[in-house]
Amino acid sequence: EKGGYETFMLKEIHEQPQAIAETIADRTARGVGVDLGDLGAIDDAFLRDVRRIVVVACGTSYHAGLIGRYAIERWARVPVEMDIASEYRYRDPVVGPYDLVVGISQSGETADTLAAMRLARESGATVLAITNVMGSQVTRDADGVLFTRAGLEIGVAATKTFVAQVAAMYLLALRLAELRGTLPAARLRELIAELKRVPGSVAALLERGDDDVQAIARRHYKAEFFLYLGRHIGLPVALEGALKLKEISYIATDAYAAGEMKHGPIALLDDDTPVVCVATDSPVLEKLISNIQEVRVRGAHVIAVATAGNDELQEHADEIVAVPATDWMLAPLLAVIPLQLLAYRVARLRGLDVDQPRNLAKTVTVE
Ligand code: F6R
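Rules used in this analysis
- Residues numbered from 1 in each chain as written.
- Predicted model: local features only at pLDDT ≥ 70, side-chain atom pairs only at ≥ 80, totals over all residues.
- Heavy atoms only, no water.
- UniProt positions renumbered as here; feature names shortened; annotations may be inferred.
- Helix = DSSP H or I, 4+ residues; strand = E, 2+ residues; numbered from the N terminus.
- Rg over C-alpha atoms; globule rule 2.2 N^0.38 Å.
- Buried < 20%, exposed > 50% of the residue type's maximum accessible area, 1.4 Å probe, protein only.
- Contact = heavy atoms within 4.5 Å.
- Areas by Shrake-Rupley, 256 points an atom, 1.4 Å probe, with all protein chains shown as cover.
- Lys, Arg positive; Asp, Glu negative; His and termini not counted.
- Charge placed at Lys NZ, Arg CZ, Asp CG, Glu CD.
- Near = heavy atom within 4 Å.
- Polar contact = N/O pair within 3.5 Å; in protein donor to acceptor, adjacent residues only side chain to side chain.
- 1 Å grid on protein atoms, 1.4 Å probe; cavity = no way out; pocket = protein on both sides within 12 Å on 5 of 7 lines; lining within 4 Å.
- Sits in = over half its atoms within 2 Å of the grid points.
- Nonpolar A, V, L, I, M, F, W, Y, C, P; charged D, E, K, R; others polar.
- Pairing = 2+ DSSP bridges.
- Axes fitted to C-alpha atoms, helices over the stretch in contact; angles between N-to-C directions.
- Phe/Tyr/Trp six-rings, centres within 6.5 Å; stacked < 30°, edge-to-face > 60°.
- Lys NZ or Arg CZ within 6 Å of the ring centre and 35° of its normal.
- Parallel < 35°, antiparallel > 145°, perpendicular 65-115°, else oblique.
- Left-handed = near helix turned anticlockwise from the far one by under 90°.
- Points joined across faces, edges and corners; volume = space filled by probe spheres on them.
- Salt bridge = Lys/Arg side-chain N within 4 Å of Asp/Glu carboxyl O.

If you look the protein chain up in an unreviewed UniProt entry, it shows as Glutamine--fructose-6-phosphate aminotransferase [isomerizing] from Conexibacter woesei. Under the Function (unreviewed entry) heading, UniProt states for the protein chain: "Catalyzes the first step in hexosamine metabolism, converting fructose-6P into glucosamine-6P using glutamine as a nitrogen source." Here the protein chain is described in UniProt, under the heading Catalytic activity (unreviewed entry), as follows: "D-fructose 6-phosphate + L-glutamine = D-glucosamine 6-phosphate + L-glutamate".

A tally of regular secondary structure across the protein chain gives 13 helices and ten strands. Its C-alpha radius of gyration of 20 Å places the protein chain within 12% of the 21 Å reference for a compact globule of 367 residues. Counting only C-alpha atoms, the protein chain reaches 55 × 45 × 45 Å along its principal axes. Burial statistics for the protein chain: of 367 residues in total, 59% are counted as buried. Taking as baseline every contact in the protein chain between residues at least 6 positions apart, the subset at least 24 positions apart corresponds to 76%. When the accessible surface of the protein chain is totalled, it reaches about 14400 Å², and 48% of it is carbon and sulfur. Here the protein chain contributes 39 positively and 50 negatively charged side chains, and the mean placements of these two sets differ by 2 Å.

Moving on: the site of the ligand. As a matter of local geometry, the ligand sits amid 13 residues, with Ser-61, Ser-105, Ser-107, Thr-110 and Glu-247 nearest to it. Within the side chain of Ser-61, an N or O atom sits 2.5 Å from an oxygen atom of the ligand. Within the backbone of Gln-106, one N or O atom sits 2.7 Å away from an oxygen atom of the ligand. Coverage of the ligand by the protein amounts to 88% of the 410 Å² it exposes when considered alone. Of the pockets mapped on this structure, the ligand occupies the largest pocket. Listing elements by their share of the shell around the ligand, those giving two or more residues are helix H4 (59-76) and helix H11 (234-249). When residues in the shell around the ligand are grouped by element, the largest group, three residues, is from H4. Among the residues making up the shell around the ligand, the classes are represented as four nonpolar, seven polar and two charged.

It is worth spelling out the sheet that holds strand E5 (residues 144-147) at this point. The sheet built from five strands is open, its strands ordered E2-E1-E3-E4-E5 with parallel pairing. A single partner strand is all that each edge strand has here, and the edge strands are strand E2 (80-84) and E5. For this sheet the average axis-to-axis angle between neighbouring strands, irrespective of direction, equals 20°. Strand direction decides the pairing type here: strand E1 (residues 52-57) and strand E3 (residues 99-105), joined by six bridges, are parallel. Bridge pairing in E3 links Val-55 to Val-102.

What the rule picks out here adds up to two aromatic pairs. Their ring planes at 40° and their centres at 5.8 Å tell us that Trp-75 and Tyr-170 sit as a pair that is tilted. With Trp-75 in helix H4 and Tyr-170 in helix H8 (residues 160-180), the pair connects residues that are 95 residues apart, well separated along the chain. Its guanidinium or amino end placed over the ring of Tyr-98, Arg-51 lies 3.9 Å from that ring's centre, counting from NZ or CZ.

On to the packing of H8 against helix H9 (residues 185-207), then. Interhelical geometry of H8 versus H9 gives an angle of 165° and a closest axis separation of 11 Å. The angle between H8 and H9 places the two elements in the roughly antiparallel class. The two elements H8 and H9 cross, and the hand of that crossing is left-handed. Residues Tyr-170, Leu-171, Leu-174, Ala-177 and Glu-178 of H8 touch H9, and the partners they reach there are Leu-188, Leu-191, Ile-192 and Leu-195.

The next thing to look at is the layout of surface pockets. Considering only enclosed or pocket space, the largest pocket measures out at about 600 Å³ in volume. Residue lining of the largest pocket: 27 residues in total, with Cys-58, Gly-59, Thr-60, Ala-361 and Val-364 positioned closest to the centre. Within the residue set of the lining of the largest pocket, elements represented by two or more residues are H4, E3, helix H6 (111-122), H8 and H11. With four residues, H11 is the single largest residue contributor to the lining of the largest pocket. Looking at the lining of the largest pocket, its residues break down into eleven nonpolar, eleven polar and five charged. Its boundaries defined by the atoms lining it, the second largest pocket holds a volume of some 160 Å³. Every residue lining the second largest pocket is listed: Arg-219, His-220, Ala-223, Glu-224, Phe-225, Leu-268, Asp-270, Asp-271, Asp-272, Thr-273 and Pro-274. Across the lining of the second largest pocket, the residue classes break down as four nonpolar, two polar and five charged.

Further remarks concern the pattern of salt bridges. What the rule picks out here adds up to 27 salt bridges. With a closest N to O distance of 2.5 Å, Asp-83 and Arg-91 form a salt bridge. Judged by its relative accessible area of 10%, Asp-83 is buried. Each of the salt bridges in this network shares a partner with another, and the network as a whole consists of Arg-52, Glu-81, Asp-83, Arg-91 and Asp-99.

Next up, the structure:
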């Protein structure tokens, strides 16, 4: 059942090209634009005129939402608010008929996410569910559903469902941009074409093997603390990488917007603290590099995930893992892979059960 892999998690990491491809396949098959299929009560007119989007989710699904926020705001120019579902439901949120509330839940059964969505719906908002499970509770509570098609995920740590959620958020962002005319037609076409190339790039990255990541894991698996840094679209990837490591290896991690370092967390660094930087190409890469220099002079050990072919990081990082180039906004789908593998390899070196980490359940039906 593990298809020759030593664990479900490793198998599921390797299923990510299909998870993304299946999620975008027929939705981008039309010559132009994005077809989200039947979104129930959520029609094109509503999406064209929507004034605000609110995303509610927990854990890894929240990180997928964060990536979606950058895409929706940048491409479709709709303001996006984000909240952790367990916070949102208790803060008496201002929400109503002009809002689209997007609840993201792999299992479709997370109690807090369901409650946040119900609350929004009772206040008159239109609610879209993004889930991987047909027939799950979330599909009954929403006005429309956008399914991710990652297939059943057994490992407790979400991997392939995460990339499928990110792909679904990109599709939503592109569809909104198309309906609202906020991107030139040529740019829209180019982004869709680039998104369709991502599964092939993820496959190439996985086929290359992870000797580089394994070497990094061997060097650092006894560390007591890992810091993760990113900026812009790299920040949610850093958050997700840090969550993966802590949940399966039980190592303390922190993830920060790199620009926040000097406002506190830099005090944590001493000689050899591993600092994982999501440093794929982007308009803020130079800013990130100056943050990396700040941590490096404190003796930290910099591990950078960078875009293949960009040698700029060479002189700033102790170790580099390269990922294939893509449109910079889509890079999270590639950059997250080495971070999943790093968490995986570290946990295995520590002799832990990655599929069933302590204290965690795959589906969280209690608040
Ligand atoms: C992390 C993880 C959890 C879930 C969270 C939400 O690997 O799996 O953080 O992402 O419990 O679960 P869903 O998406 O089912 O609502």
